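# Descriptive structure summary
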Amino acid sequence: MLSKVYRPQEVEEKQYARWEEAGAFACGQTEGQPYTIVIPPPNVTGSLHMGHALNNTLQDVLIRFQRMRGRDALWQPGTDHAGIATQMVVERQLAEQGTDRRDMSRDAFIAKVWKWREESGGTIIDQLRRLGASCDWERERFTMDDGLSQAVLKVFVDLYKQNLIYRDKRLVNWDCKFQTAISDLEVEQRDVNGHLWHFKYPIDGEEGRFITVATTRPETMLGDTGVAVHPDDERYADLIGKYAVLPLVGRKIKIVADLHADPEQGSGAVKITPAHDFNDFEVGRRHDLEMVNIFDAHGNLNEMVPAAYQGMERFAAREKVVADLEAQGLVAEIEDHQHTVPYGDRSGVVIEPWLTDQWYVDAAELAKKPIEAVERGETRFVPQQWEKTFFEWMRNIQPWCISRQIWWGHQIPAWYAPDGKVFVEKTEEEARNAAKIHYGKDVPLERDPDVLDTWFSSALWPFSTLGWPEETPELKRYYQTDVLVTGFDIIFFWVARMMMMGMHFMEEAPFHTVYIHALVRDERGQKMSKSKGNVIDPLHLIDKFGADALRFTLSAMAAQGRDIKLSENRVEGYRNFATKLWNAARFCEMNVCLPSDDFEPGNCRETVNRWIVGETARASEKVTQALDAYKFNEAANAAYQFTWGTFCDWYLEFSKPLLTEGGELAREETRACAAWVLQQILKLLHPFMPFITEEIWERQAGPKNSMLMQQDWPGSSAIPIDSEADAEMAWVIELISDVRAVRSESNVPAGARIPMRLLNGNAETLRRLEANDEVIRRLARLDSVETEGGVPTGSVQIVIGEATLVLPLAGVIDLDAERARLRTQIDKHAGEIAKIDKKLANANFMAKAPEHVIEEQRDRRNDADATRAKLAEALERLSAAG
């Protein structure tokens, strides 16, 4: 017997253990067509956040859905070694013990990291289990596994020998605290209140003439090697090709014509520091300007600057540069200036564009095939709008910096001879053999200390996790994968790079569909952040409302291209939905509605049962079509509306007379039909709410029977739809709904039973009324139903088909008072609409208000307008009542 109250905490751990013990998540249990998803591997240091919850819920919905359709489903799990993040965690632990990484050997430090991983690295995997993720955990991989490491070595060596990996001196995002290059994704752009300094550079050979440039980083002027002006800027036409003299340094720097300079910005002249600005780097290359690196790895000024500044910390140098230029009368202006400054997302220090030797991938060459694959439709993005973003990034792609100056990660398989020549091989032995062949003798080799960017190993994830470079059965069966579910922020960092590597080494894109989900924001539409204090912890919601409630909330709100505004109230609402489902199952149980092997949906005799069978078919079709189209919100809402509205609110109420007062045949048919529909509901809801549906299924079918997650998905084509039953029950629902609407809008007391007349009905309408008399009276709360007579004064009239529904309310409510109340409410909402319209018409408000505030105002206006229209309709009905 189901307990009176559904308690998720008692069910979730038990059901998950049943699934795992039964091996229900494993692939290879059917001969069906493979269906593969690779999990975006979370950082081994990570904890479940709301982005993870959304991403993995949607993946699990798809996997459970396809598994029930008979597909051989593989959801490949694993974690990423997260180079910098993991090294930071272990370094902090060492610091607490009074130890520094640099005080130990590299091998000793790596051993510490592996120990940490074994002890603490499984946190997020356990949290994914709590969410209900049905990954094939026996196949769990880690990007530093031996097998994946072999894949990384092979890819690096092969690409190097194909001239697609090379070493170059270019600008990188340099983290002065961690002393390593970092990716753009690890850079956090912050708005800061700073200054814009305008400096005057003397023109060489023209006494008293200057060219004025502006900068937010005065210290970098010590590395200037040029000034750029727009080729069409007449103010500087005579200066192009001449030289300015760099103050404080005395170096002559060339004035060049370049489109990078904007005549409308500032003076129109731009200082060029090729070694410390990404745009300037490109300008410098175009004009062959010298690249002067003025910083060391710590961000201190080096020997390339005048002696007075050498060794200074960069921000201290900034103050001295400004002071010295002011002393020389070369500061034209200092403006207060808000601008964006890059910070390391983990170090919290300002990132420095720094010229350094690094390893690079020829991304432009590897991008060609992925671009063609998307152009040909071999890989598609959902929503399609993200294809434009993909193309923009890929067609303007820059060399990919893949080296990092840390210890934790895949060490680059490159060895240097004493003369600097590099040998790239999979092992040191192979490198030594190559060096011996080159030199004709053994020479000492030193391995490159750098490790690979974490994204390098992640780019191989769809095929390395399946055993590549070995020709494994899993690789042959499950590659190409089906869909990648991910966020838009890593289309370039991960999606594009997986496509590059997949098409290069597997000659096929790693997935045919990329589903890009939106962000989860707070209820006001703001991005969640610790600084704002608006972060919602998914584990807290699971503890409070259950995993199913959170999963269903995220699914029901996952509309394509629209961010999710999440609140606890939403999750609580879907917890109530879980309770509704539980209570419906209890109702069926208490009325002996048990599954029957003899039940055939097409053989039902009772109208209400024929109707619900057809509605079940429609719901199955809607959910299936929506999931096939990755319209998770439409699928979830179709299942919700059918379960709560059609089944619970209507069918179970309609069935009560048959279950309690009907003849034996009608009662047994209704019991079997209710049980059958409940089973279909459990199947439809299972991908979204696996725990409660599995629990109810187990209680219905008994623990010896197979699990719900292993059942066949409901098919709609074989289920009959009875048009006559549909029409009759639709009429009954319309009639009851109309009466309820009038009662609600006219403030009829809930306990009051009112009379009803149905006039001018044809024979079929009268038959329907008679056949469903008890249900209509009970659900519409009527004390009498008549089909003859006139229209009493004070009656509300509603047209239903060819008939007129008459509800005499004069003796039930004060009509004048109700009309006055409605007018007051209409005026109130009209006033609110006018107030919002005025605000939205205010150009100043529209320019300054955050987007989420404007959207809130529009939503409020739409809600007020809809309510006003509804009230106006009610007033019109009451006014016509006389």
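### Things to note about empty space enclosed by the protein
- Summed over all chains, the structure comprises three cavities of 30 Å³ or more.
- In this structure, the largest cavity occupies an estimated 50 Å³ of space.
- What lines the largest cavity is Tyr-6, Pro-8, Glu-12, Phe-545, Gly-546, Ala-547, Asp-548, Ala-549, Arg-575 and Ala-578.
- Elements with a contribution of two residues or more to the lining of the largest cavity: helix H1 (8-21), helix H18 (547-556) and helix H19 (568-590).
- For the lining of the largest cavity, the leading source of residues is H18, giving three residues.
- Counted by class, the lining of the largest cavity contains six nonpolar, one polar and three charged residues.
- By volume, the second largest cavity amounts to about 40 Å³.
- Here the residues of the lining of the second largest cavity sort into three nonpolar, two polar and four charged.

### Considering the nonpolar core
- Counting residues in each nonpolar core, the largest one holds 210 residues, and the members touching the most others are Met-50, Phe-456, Met-501, Phe-552, Trp-611, Phe-647 and Phe-654.
- At 15 residues, the largest contribution of residues to this core is made by helix H21 (residues 632-660).
- Sequence-distant contacts of Phe-647, defined by excluding residues within four places in its chain, comprise Ala-584, Cys-588, Phe-642, Leu-652, Ala-674, Val-677, Leu-678 and Ile-681.
- Judged by nonpolar contacts, the second largest core, of 39 residues, contains Leu-222, Tyr-236, Ile-294 and Met-312.

### Details of the sheet that holds strand E7 (residues 187-202)
- Across the sheet, which stays open at both edges, the three strands sit in the order E8-E7-E13 with antiparallel pairing between neighbours. Bordering the open sheet on either side are strand E8 (210-215) and strand E13 (331-344), each of which pairs with just one other strand. Strand after strand, the sheet turns through a mean of 20° between neighbouring axes, direction not considered.
- Inspection of the sheet shows E7 paired to E13 by 13 bridges, in the antiparallel sense. What sits directly across from Gly-194, in E13, is His-337.

### Side note on helix H26 (residues 773-780)
- Three or more residues of H26 are buried, namely Val-775, Ile-776, Leu-779 and Ala-780. Taken down its axis, H26 places every buried residue within 100° of arc, on the same side.
- Turning to H26, the residues buried within the fold contact H21, helix H24 (723-745), helix H25 (763-771) and strand E27 (782-786).
- Of the residues flanking the end of H26, it is Arg-781, one or two places downstream, whose phi is positive at about 55°.

### Examining the packing of helix H2 (residues 50-68) against helix H5 (residues 123-131)
- Two elements in contact, H2 and H5, have axes whose closest approach is 11 Å; the angle formed by their N-to-C orientations is 55°. Taken as axis vectors, H2 and H5 run oblique relative to one another. By crossing handedness, the relation of H2 to H5 is classed as right-handed. For the pair H2 and H5, the contacting residues are His-52, Ala-53, Asn-56 and Thr-57 in the first and Ile-124, Leu-128 and Leu-131 in the second.
- Split into classes, the residues belonging to the contact of H2 with H5 amount to four nonpolar, three polar and no charged.

### Thoughts on unusual backbone geometry
- For the bond from Val-382 to Pro-383, the omega torsion is -5°, close enough to zero to count as cis.
- Assignment of secondary structure puts Pro-383 in the loop between strand E15 (380-382) and helix H11 (386-395).
- Across the junction of Tyr-479 and Gln-480, the peptide omega takes the value 10°, indicating a cis bond.
- As for its placement among the helices and strands, Gln-480 is situated in the loop between helix H15 (473-478) and strand E22 (481-487).

### Comments concerning the pattern of salt bridges
- Scanning the model with the defined rule gives 66 salt bridges in all.
- For the salt bridge of Asp-448 with Arg-167, the shortest nitrogen-to-oxygen distance reads 3.8 Å. Pair noted here: Asp-448 is in the loop between strand E20 (446-447) and strand E21 (451-452) and Arg-167 is in strand E5 (residues 165-175), with a separation of 281 residues, a long-range link.
- Judged by relative accessible area, which is 2%, Asp-448 ranks as buried.
- Put simply, Asp-357 and Lys-169 hold a salt bridge, and the shortest N to O gap is 3.4 Å. Here the residue Asp-357 occupies a position in strand E14 (residues 352-361), and Lys-169 occupies one in strand E5, the gap between them amounting to 188 residues.
- On the basis of relative accessible area, Asp-357 is assigned to the partly exposed category, the value being 35%.
- One salt-bridge network, in which partners are shared between bridges, spans Lys-14, Arg-18, Glu-695, Glu-698 and Arg-699.

What counts and how
- Residue numbering note: each chain is counted from 1, following its sequence as written.
- Whole-chain, interface and lining totals are the exception, using all residues; otherwise, since this is a predicted model, local features are given only for residues with pLDDT of at least 70 and side-chain atom pairs are given and counted only at 80 or more.
- Side-chain metrics in this entry use all non-hydrogen atoms of the structure; hydrogen atoms and water are not considered.
- A cavity here means a set of points on a 1 Å grid, drawn over the protein atoms and nothing else, where a 1.4 Å probe fits but cannot get out; a pocket is an open set with protein on both sides within 12 Å along at least five of seven lines, and a residue lines either one if it has an atom within 4 Å of a point.
- Grid points are joined across faces, edges and corners, and a volume is the space filled by probe spheres set on the points.
- Counting from the N terminus, the helices are DSSP H or I runs at least four residues long and the strands are E runs at least two residues long.
- Lys, Arg, Asp and Glu make up the charged group, whereas Ala, Val, Leu, Ile, Met, Phe, Trp, Tyr, Cys and Pro make up the nonpolar group; the residues left over, Gly among them, are polar.
- Throughout, nonpolar core names a set of buried Ala, Val, Leu, Ile, Met, Phe, Trp, Tyr and Cys residues whose side chains join them through atoms within 4.5 Å.
- To sort residues, take the accessible area from a 1.4 Å probe on protein chains only and compare it with the maximum for the residue type: under 20% means buried, over 50% means exposed, and anything in between is partly exposed.
- The contact rule is simple, with two residues in contact once any of their heavy atoms fall within 4.5 Å.
- At least two bridges found by DSSP between two strands is the condition for calling them paired.
- Axis definition: a line fit to C-alpha positions, over the contact stretch in the case of helices; interaxial angles, taken between N-to-C directions, run 0 to 180 degrees.
- When we speak of the arc, we mean the arc of directions from the helix axis to the C-beta atoms.
- Relative orientations are named as follows: roughly parallel for angles under 35 degrees, roughly antiparallel for angles over 145 degrees, roughly perpendicular for angles from 65 to 115 degrees, and oblique for any other angle.
- By convention, the crossing between two helices is left-handed when the near helix turns anticlockwise from the far helix through less than a right angle, and right-handed when the turn is clockwise.
- Counted as salt bridges are all cases of a side-chain nitrogen of Lys or Arg within 4 Å of a carboxyl oxygen of Asp or Glu.

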